[in-house]
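# An overview of the molecular structure
Chain by chain, the residues:
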Amino acid sequence: MFFPIICALLIAGKRTVAVAVTATDGIDLTTVPLCCSSADWKLARITSDLQESAKYVCVPQLFIANSTQLPSGQKEEILIFENSSPVYGLGIRHGEDHVTNSSTPECSSPVFNKFARNRNVEIAADACVMAVRDELVTVSCPREDQQWRTISFAQKCCPHNFIYDAGQRKCVQSPDPVNFQLYQPFFKTAVVFNDNTIDCPRDKVLVEYKLTQFKFSLSNGRIYLRALNKIFESSQYCVEAIENAPYVIDQEFLVRTCDDIASTCHRMPCIRRCCNDGEMFTKGNATSYCKRDESDTTFHSFESLDISGNFTKPPVFGVLRSLDCRKYRLDPEAYADEAHTISERDGSLLVASTKKHYTNNQYCVEKIRNATWADQKLYTFLCFDSKVVGNDRIRFRLYTIGLLISCGFYAATLVVYLSIARLRNLPGKILICLVSSLFTAYLGIALGQLMPTPNDTVCFASGFFIYFCLMAAFSWMNVTCFDIWQTFGSAKKKHNFKSNQNKRFLLYSLYGWGLPTVITVVTVTLTKTEVLSENFRPNFGHGRCWFTYDSAGSANLLFFSGPVGILFLINLILFILTLRYCNRVKREIFRMQSSNVEKPIMRRRFFVDKARFAMNTKLFVVMGITWFLELLSILFYDHKKIFFWAISDSFNVLLGVSVFFIFVFKKRVWHSVLERIGLRTADSVRNGPTGTMSTYTHNNISMNRLNAIDGNASLLSPNAARRVPTM
């Protein structure tokens, strides 16, 4: 199948060469033919055993092969330049043979040459041209009376088949072929345009000019700006004709140059972008980093830059690249004291509230990629003071150490309550579930601080695992408050529900683990769908593993602090009801006559339950403070208030220590621990009940007697107490 195609190409090539040879004197030296007119055809070199020199032809891209065997037994080697492609520009014409898409000259010894694409080159008059990687290649026939033509090069800002649209102020794809005739005033020869958006090095400044054809010239691959009396090499500039510009008499061109920082920023304002050209900030787990925006293949003009700060763009200004420092974002839309102005005189930044100036080496502006879309606005980032950065590093290290210390105290609490049987009653089991949730959550947060991951899947899973554990901890805190109310503060209770501890723990477990499961599933579902807007979705896994505190913390309020606040409101109601009933019971017990045989028993039980109520109240207060500080950090978020964050972090990391001292560091529990390890006899421990052991015993006379009284009747009066039968 390949043999007829090769033969047809060779015949067509000979016919084309015959015309070229006889018409040498009439060649148009201002135009150059393409070797292969179509981008789907590749330049190939054919060598055979019977010919000393190679032949150059064009072959379809689908016929990519190394060799073929002809019927006569003659072997031909075919080398296809897979990276070959047509060049584009002024005076570059397509071949007239539409069958073979080829204009390669045919002769006994064709000449194949390569040239760099940065300076003018001389090529044979009958040569065709192609691009192979970054080089220009020509195929020609040697002649004694060889004529030569010149090919120039220019650097084009927009990619091939793109033009600069004045209305959109950026490169857009053109439905029609690019009009290279707009560049005709600059050249007298054929011109090849290279795609070159130019990426200035860090020691240069990028400047954009809007000029007419009389203010610059293009020659020998370079550009000359008359106003500056300066020449820029091919790697230091690009030019683009501005199309669709209204009310313009003279054709305008967009010219970008890489210039020296000192001289340029002395005569014009210079601002700084945080990332390199074509990059933007992407949020990571540990920090934000610059990442290339693959969706944006073209540059936007300086006119289109939308900067969050107050910056009146002058006609010409420079843009510096990259800034290495720890920085934070100024958000004047959310915080009025962060309003700032960028000077149109020297590019410095002024923060209005502090009247402090910052040079372009202390701030930068950049776009932000938020999840799957890119915000085209340029936000302002300010470098932290070096002292603040040092304090931040110390604070984060201490925070991680504090989390691990809290995990140690959580683990110690779990070991005590799991190893001592008398502590594994119903309130003990509830405490074990609560502490285990806090332990896994704190351990996950600490590991996330120590080993931040760039993997979005791992970040998504770990973020929601910690979210589930924290929601479970607050759910079990809700169970704790309900249980103490059910035991101590409820005026009317069902005896069966109270006495069957296994049934109660089963129902508590369904609530304590079921509620966070439901909330987590709903949150994950809403994160993966587009039911809610971007600002209200947690978006774990998109470069972050937890809620952010900017943008008013909408997602945090909706999915974390809000539900936790509802649980704490319920806990507060139960706490008030329990406290109210506790005071009523206390008054009635002390009003009982001393001769009443139940008074000592009821009084002892009352103080045991009161002690448990006091412990749970302490836990409620400590966890309530951490939630309240979390809420304040969302509503009054300010990354510069280091003192506030120090207080908030301290309460968080000390929660494990508080739990240990509330529930373990008690005399009765400590005696049980000593008994467990053999340092104290069992009889000495049994002389006094433990704080949680006697709360749910069947002979809890005080609670049973009080619950038998109708809610409308008076509580225990001396006469009523005598009428209540003993158990």
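Residues numbered from 1 in each chain as written. Predicted model: local features only at pLDDT ≥ 70, side-chain atom pairs only at ≥ 80, totals over all residues. Heavy atoms only, no water.

## Describing the overall build of the chain
Scanning the chain from terminus to terminus reveals 15 helices and 33 strands. Partitioning the intrachain contacts of the chain with sequence separation of at least 6 by distance along the chain shows that 71% fall at a separation of at least 24. Accessible surface computed for the chain: about 35,400 Å², of which carbon and sulfur atoms make up 57%. (Helix = DSSP H or I, 4+ residues; strand = E, 2+ residues; numbered from the N terminus. Contact = heavy atoms within 4.5 Å. Areas by Shrake-Rupley, 256 points an atom, 1.4 Å probe, with all protein chains shown as cover.)

## So, the pattern of salt bridges
A complete count under the given rule lists 14 salt bridges for this structure. One salt bridge in this structure joins Glu 233 and Arg 119, with 3.0 Å as the shortest N-O distance. You can see Glu 233 sitting in the loop between β20 (230-232) and β21 (237-243) and its partner Arg 119 sitting in the loop between β9 (111-116) and β10 (121-124), a full 114 residues away along the chain. Look at Glu 233 and you get partly exposed, because its relative accessible area is 27%. For the salt bridge of Lys 204 with Asp 260, the shortest nitrogen-to-oxygen distance reads 2.6 Å. Highlighted residues: Lys 204 in strand β17 (residues 204-212) and Asp 260 in strand β22 (residues 252-260), separated in sequence by 56 residues. The partly exposed category is assigned to Asp 260, whose relative accessible area is 33%. Put simply, Lys 204, Lys 230, Asp 259, Asp 260 and Arg 267 are held in one network by salt bridges that share partners. (Salt bridge = Lys/Arg side-chain N within 4 Å of Asp/Glu carboxyl O. Buried < 20%, exposed > 50% of the residue type's maximum accessible area, 1.4 Å probe, protein only.)

## Notes on the UniProt feature "transmembrane region" (unreviewed entry) in the chain
In this structure's numbering, the residues bearing the UniProt feature "transmembrane region" (unreviewed entry) are residues 396-418, 430-452, 464-485, 505-526, 557-582, 613-636 and 642-665. Structurally, residues 430-452 is divided into 91% helix and 0% strand, and its ends, taken at the C-alpha atoms, are 33 Å apart. End C-alpha atoms of residues 505-526 are separated by 31 Å, and the span's content is 100% helix alongside 0% strand. (UniProt positions renumbered as here; feature names shortened; annotations may be inferred.)

## As for the state of the cysteines
By the definition in use, this model includes 10 disulfides. There is a disulfide in this structure between Cys 35 and Cys 128, and the S-S distance comes to 2.0 Å. Between Cys 35 and Cys 128 the sulfur-sulfur dihedral comes to about 95°; the bridge is accordingly right-handed. Remark: Cys 128 occurs in strand β11 (residues 128-132) and Cys 35 occurs in the loop between β1 (32-33) and β2 (41-48); sequence separation between them is 93 residues. The residues Cys 35 and Cys 128 share a single accessibility class, namely buried. Between Cys 157 and Cys 238 runs a disulfide, and the two sulfur atoms are separated by 2.0 Å. As the torsion about the S-S bond is roughly 95°, the Cys 157-Cys 238 disulfide counts as right-handed. Of the two residues, Cys 157 sits in the loop between β13 (148-156) and β14 (162-165) while Cys 238 sits in strand β21, which places them 81 residues apart along the sequence. In this structure Cys 238 comes out as buried when scored by relative accessible area, which is 0%. (Disulfide = S-S within 2.5 Å.)

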